[in-house]
Each structure stands twice: as structure tokens, then as C-alpha cells.
Amino acid sequence: RAPFGKTGLCRTPTAKPTAAMSDGPSLGGRVRIYWPSEKRWFRGEVKLRRMKRGCAEHRVDYDDGDSRWHNLESEAWLHLAQPRQTITPSPQQYQKRRRRRRQEDEPVLFVVERIMEARTSDGGAREFLVRWAGYSAEHDSWEPSCSFLDRAPIEAFEAARRPTLSSRAGGAAANGTAVTHVAAQAPPCPLPVGPLDASAPPAGSAAMPEPARRVELLPGGAAKLSGFLSERLKQNLYDTALISGWDFRDAGRANLRYTGAQGRPDILLEWNYYQAPEQHQPPPMALLSTAAELIDAALRGGLQEGADGEGEGAEGGAFCFPREWALRSVLGLGYRASDDMAWHTDMAGEEGWLCSISLGATARFEYLPAAAPSARRRCVVQNEQPPVKVDLECGDVLLLQGGLLPHRIVGCTREPPPFFAGISAGTALCRVNIQVRLWGHDPSLSLGSLLEDGFQDERSERISAEGPGS
């Protein structure tokens, strides 16, 4: 149970109220709390109690290491035990407890023989069916990607399932050779070695007619744009995200959710989103300018601006992009084939509109078409209506209120298009996602102010002023 997998609590009829619910548990008491999003109970110990906005809240330290504050008057919980009494142990008991704790703290490692199958859990996490070395098939178990100390078994499984590599899929996983865990996490992707000259044709790509432009209205006030980016412009955006962002990928604590987390994408570029940019960090002008022109093209093609970016668009199907807007921040994420993203809303809240540009392999994207900025509201919406599923191909652009609409990436196709495979040669990336947002850590750093300060648009070409085809 990953800390970011929890999506909130709500009332549930599965647990009948007890006398203890009216007064709340005692400090040090053991409780079981029901998480509707994961459809299971979790055990923990009550550590602290506080009053917040007239309600009593209890901090519960869970047995799996997580810790949360709860308003137990509105949640389903069960009282397990009274507070433990403090007893001074004898020297023999003390030494016995120390040996037991030392044994419990030592991790138990098992050797993976091969991975049998893969799936995506209800919470959006990637899981694999593992055949353990020295054990029969009846001991096979589903394990999340974060439990692997070495990603070699996952990579071998993914490689064996690729059609282009089917003739070479008889490696360690096929012949039964055991694969051991040796590394804590996958190393960060190296610098790209593909062509960097925007005027040169992308490596591995042939001259193909540009697809017809199309704007698709989606539920919840979102919109998808297709066919607006040429291959030269795609390469220019890719080069800008990786090259200009290589020395500015440190996003502070956000790296715990991304680059530093198993099965999550790497941060390739961070500008004015989690923190104000450093004084010597150049703004990614090509990304900001391209996103601004994409939004303008969409609005010229029939999409209407709203009064404030919310209202009907948050709950219904009308597109209501803010009438007054300016782009202020950029976040670039690099995905491997085994990476995904759990349910979340962006920290910008009501200012969370973003222009999301997809490059590389097709991503399986899902979002809830109703405003749910809190975990509790997200749990209610998930029970009321199914998520909207959208396939984002290379060059597709998504306009979404990410601060109010919960969204996630379920996974990516294993093979990127030949164009992207050519420009990303030498990296482990199969997809790059560029998110340009209206919200910024420093609100004064907008695209308009940067242009007034003398920064130049560095795009290789501009998007035509013609409207979309449909």
C-alpha cells in the first residue's frame, strides 16, 4: 500500500457503530480503519489527538509505516485493544525483545525466477505475477513494481512481449534462469544522443503527410487536439525539454514521487512549478510559446473561453478555458515502458489548467469528469461514475483542468513510433510528457513578461494560423 495510493475516506455501512465511536479511541489504542478506495481495513495505533475546526482528530500510525490524521466521527473504524500498560521488562525479556526486533527489521529477499503476467490494480499501480525461484506455481503472487530491488525481471518480461523481439525472447525468463535483485532502482536516463539540429530531418523518420487537424471535446470540460505538431516541431520540443532541463531537474521533495520512486516517471525539466527558477536558469521559451499558440489555435477552431475556468466545465461537458490566461510554468516528465502514475490532482487547484503535450509511445490516460480536488470527494466521484479513458498518441495535446479533475497514467505502449525512437536513441525513454501550466510558483514570470524582457521565441517553426479540420 503506497502512501500516494490512498484516495480518502468516507462513511460506509460495512462497519456498525460501536460505543467507542462516540468518544473516540484512547491514545495508544489499536484501531482498524476502512479505506473505501482500496476496499480493505488497515490496522494502526492512535498516537495523538487534536481539535481542528471544532472536530476531534486522531493521528493513527499504521502498521505499514504510514501515518494520517482522521476525523473518526465520520469514518468507519473498529476499536481493537486498550492502551498498552508500561511494564519494565526483566533483563532476559529485554534481550529477547531486542533479538526479535532485529530479526523483524532484517528484510526478507526472494529470488525471482520469471514474471508470468502483468496487470494494473484498481489504484492504478502496475503489478506483476511472479514465479519464485525454488517454489511451485501455487506460490505465484502479484507484486507491485516498487517491491523489485532490480528492474531486470520487469525489463526482461517487457522485452519478451514485444513483437519485434519475439525471436530473441528466449533469455533468462524463458529458459528458467534465476534473476536476482541487485540494484535499488533504475538509473536516471542518460543524455540523448539523437540529432539536435532542428533543421535536419529526425533520425529514423520518413517523409509522411501531416495528419488532419482535429479538436475533440471531452467530458468534464477537457479537449484533445490532434495533428497540430509537425515532426520537426516535435523534435524541437523534445530537445528543449531534455537539453535545457538537464541541469535543472531538481524539484525538491517532488522527486520522492517521481525520479526517486520505483515505477514512476523521471523529472526531466522543472521551471517555476514546484519552486521559483534559479537566477541562471533560462526559461524554456520554445515550450511556453508553442503551448500558447496551441491554445490560441484551439480557441480559434471553435472552443469557447469561460468566465473563470470553472462552472459548467468542471461538472458538465462544456469547454470553459479561462477568458484571461497566461502561461507561467513547465514540467517535463520522461516515462519508461513500465512507468505509470497514480490518481492525483495538481497542486495548482482552481488555477490548474494545463496544456499537456505527448511525445513518443501512446499513453493510456484516465480522468474523472467531475471536480474532486480532495481525496474524500474523489472517492465519491469514483463510486458515482466511471473514468474517461483517452489514448494520447505522439503529438496529441490535452487541455485539462488538472487542479480539479483527478487523473492518472495507466501505462504506455511498449514501442514508441519510429520518429521518436530515432530522436531518443540511447535513452531508456519511450515517452516524454511536457506540461505547460497557467499557474506558476512566481506569478510574475509569465510568457508575456518574458517576451517583454527580451527573451526570444526559439521554436523551429510556428503553427499555422489555419483552424482545425473538424
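Our structure is the block above this text.
Criteria and cut-off values
Residues numbered from 1 in each chain as written. Predicted model: local features only at pLDDT ≥ 70, side-chain atom pairs only at ≥ 80, totals over all residues. Heavy atoms only, no water. Helix = DSSP H or I, 4+ residues; strand = E, 2+ residues; numbered from the N terminus. Buried < 20%, exposed > 50% of the residue type's maximum accessible area, 1.4 Å probe, protein only. Contact = heavy atoms within 4.5 Å. Areas by Shrake-Rupley, 256 points an atom, 1.4 Å probe, with all protein chains shown as cover. Phe/Tyr/Trp six-rings, centres within 6.5 Å; stacked < 30°, edge-to-face > 60°. Core = buried A, V, L, I, M, F, W, Y, C linked by side-chain atoms within 4.5 Å. Pairing = 2+ DSSP bridges. Axes fitted to C-alpha atoms, helices over the stretch in contact; angles between N-to-C directions. Expected span 1.5 Å × (residues − 1). Polar contact = N/O pair within 3.5 Å; in protein donor to acceptor, adjacent residues only side chain to side chain. Salt bridge = Lys/Arg side-chain N within 4 Å of Asp/Glu carboxyl O. Arc of directions from axis to C-beta. Lys, Arg positive; Asp, Glu negative; His and termini not counted.

Q: Help me out: how do you make sense of the overall build of the protein in this one?
A: Helix and strand content of the protein: ten helices and 21 strands. Burial status across the protein gives 48% buried among its 470 residues. Within the protein, contacts between residues separated by at least 24 positions form 73% of all contacts whose residues are at least 6 apart in sequence. Entry remark: accessible area of the protein is about 23200 Å², with carbon and sulfur atoms responsible for 50%.

Q: Any chance you could explain the packing of aromatic side chains here in plain terms?
A: How two aromatic rings sit relative to each other is set out by the distance from centre to centre and by the angle between their planes. Inspection of the entire model under this criterion finds 13 aromatic pairs. Consider the rings of phenylalanine 321 and tryptophan 353, whose centres lie 5.1 Å apart with planes at 65°: the pair is edge-to-face. Placement of the pair is phenylalanine 321 in strand S13 (residues 321-322) and tryptophan 353 in strand S16 (residues 353-360), with a sequence separation of 32 residues. Judged by its relative accessible area of 0%, phenylalanine 321 is buried.

Q: Please clarify how the nonpolar core should be interpreted in this entry.
A: Nonpolar side chains in soluble globular proteins tend to end up buried together. Ile357, Val432 and Ile434 are the most contacted members of the largest nonpolar core, which has 44 residues in total. Ranked by residue count, the leading element in this core is helix H6 (residues 285-300), at ten residues. Beyond its immediate sequence surroundings of up to four residues, valine 432 is in contact with Tyr238, Leu242, Leu268, Leu333, Ile357, Ser358, Leu359 and Phe420. Within the second largest apolar cluster, 26 residues are counted, among which are Tyr367, Val388, Val390 and Cys430.

Q: Help me out: how do you make sense of the sheet that holds strand S7 (residues 126-132) in this one?
A: Strand pairing in a sheet takes place through backbone hydrogen bonds and is either antiparallel or parallel in direction. Strand order in the open sheet formed by three strands is S6-S7-S8, with antiparallel pairing between adjacent strands. Two strands bound the open sheet, and with one partner strand each, they are strand S6 (112-120) and strand S8 (141-144). Averaged over all adjacent pairs, the angle separating strand axes in this sheet is 35°, with direction ignored. Here S6 pairs with S7 via seven bridges, running antiparallel. Each bridged residue has a counterpart across the sheet, and for arginine 119 the counterpart in S7 is glutamate 127. With respect to the sheet, helix H3 (residues 152-161) is in contact with S6 and S7, its orientation differing from that of S6 by roughly 70°.

Q: Where do I start with the sheet that holds strand S11 (residues 266-271) in this structure?
A: Ordered by their spatial adjacency, seven strands build an open sheet running S9-S10-S19-S16-S21-S14-S11, and the pairing between neighbours is antiparallel. Among the strands making up the open sheet, the edge pair consists of strand S9 (214-218) and S11. Sheet twist, expressed as the mean angle between neighbouring strand axes with direction ignored, is 15°.

Q: What is the right way to read H6 from this model?
A: One turn of the α-helix equals 3.6 residues, which is why residues spaced by three or four share an orientation. For H6, built from 16 residues, the straight-helix expectation of 22 Å at 1.5 Å per residue is met to within 8% by its first-to-last C-alpha distance of 22 Å. Counting buried positions along H6 yields 14 of 16 residues, so the element is predominantly enclosed.

Q: How should I be thinking about the environment of glutamine 401 in this particular structure?
A: Mapped onto the elements of the fold, glutamine 401 is located in strand S19 (residues 397-401). Overall, glutamine 401 belongs to the buried group, its relative accessible area being 5%. Here the side chain of glutamine 401 touches glycine 403 through a polar contact of 2.9 Å, landing on its backbone nitrogen. From its side chain, glutamine 401 meets the backbone nitrogen of leucine 404 in a polar contact 3.1 Å long.

Q: I'm lost on the pairing of strand S1 (residues 30-35) in this one. Help?
A: The side chains of a regular strand alternate between the sheet's two faces. Summarising burial for S1: five of the six residues are buried, a large majority. Two strands pair when backbone bridges link them, and S1 and strand S2 (residues 40-52) are joined in this way by six bridges, in the antiparallel orientation. Each residue of the ladder has a partner; that of tryptophan 35, found in S2, is arginine 40.

Q: I'm lost on unusual backbone geometry in this one. Help?
A: A negative phi holds for most residues other than glycine; trans holds for most peptide bonds. Positioned with a positive phi, asparagine 272 is a non-glycine residue whose angle comes to about 65°. Tracing the backbone through its elements, the reader meets asparagine 272 in the loop between S11 and H6.

Q: Is there a simple way to think about the pattern of salt bridges in this case?
A: Side chains carrying opposite charge are able to pair once their charged atoms draw close together. A complete count under the given rule lists 16 salt bridges for this structure. Among the ionic pairs, aspartate 63 bridges to arginine 30, the shortest N-O distance being 2.8 Å. A residue pair is termed long-range when its members are at least 10 positions apart, and aspartate 63 in the loop between strand S3 (55-62) and strand S4 (67-70) and arginine 30 in strand S1 qualify at 33 residues. Here aspartate 63 falls in the partly exposed class, since its relative accessible area comes to 48%. Judged by relative accessible area, which is 17%, arginine 30 ranks as buried. With its nearest N and O atoms 2.8 Å apart, the salt bridge here joins glutamate 127 to arginine 119. Among the residues examined, glutamate 127 registers a relative accessible area of 16% and is labelled buried. Overlapping salt bridges bring together Asp266, Arg336 and Asp339 as one network.

Q: For this particular structure, what's the right way to read H3?
A: Residues of H3 that are buried include every one of Pro153, Ile154, Phe157 and Glu158, and no others. Axial view of H3: buried residues confined to an arc of 130°, hence all on one face. In this structure, the buried side of H3 is in contact with S6 and S7.

Q: I'm lost on the side chain of arginine 431 in this one. Help?
A: Inspection of the secondary structure assignment puts arginine 431 in strand S21 (residues 431-437). There is no salt bridge for the buried arginine 431, and the closest opposite charge comes from aspartate 396, which lies 9.0 Å off by N-O distance. Reaching out from arginine 431, the side chain makes a polar contact with the side chain of serine 358 at a distance of 2.9 Å. Ignoring anything within four residues of it in the chain, the contact list for arginine 431 reads Leu333, Gly334, Tyr335, Ser358, Leu359, Gly360, Ala361, Ala363, Leu392, Ile409, Cys412 and Phe420.

Q: Help me understand the environment of phenylalanine 228, please; the structure alone is not making it clear to me.
A: On the secondary structure map, phenylalanine 228 appears in the loop between strand S10 (222-226) and helix H5 (231-244). Judged by relative accessible area, which is 3%, phenylalanine 228 ranks as buried. On a C-alpha basis, the gap between phenylalanine 228 and glycine 395 in space is 7.4 Å, while along the polypeptide they are 167 residues apart.

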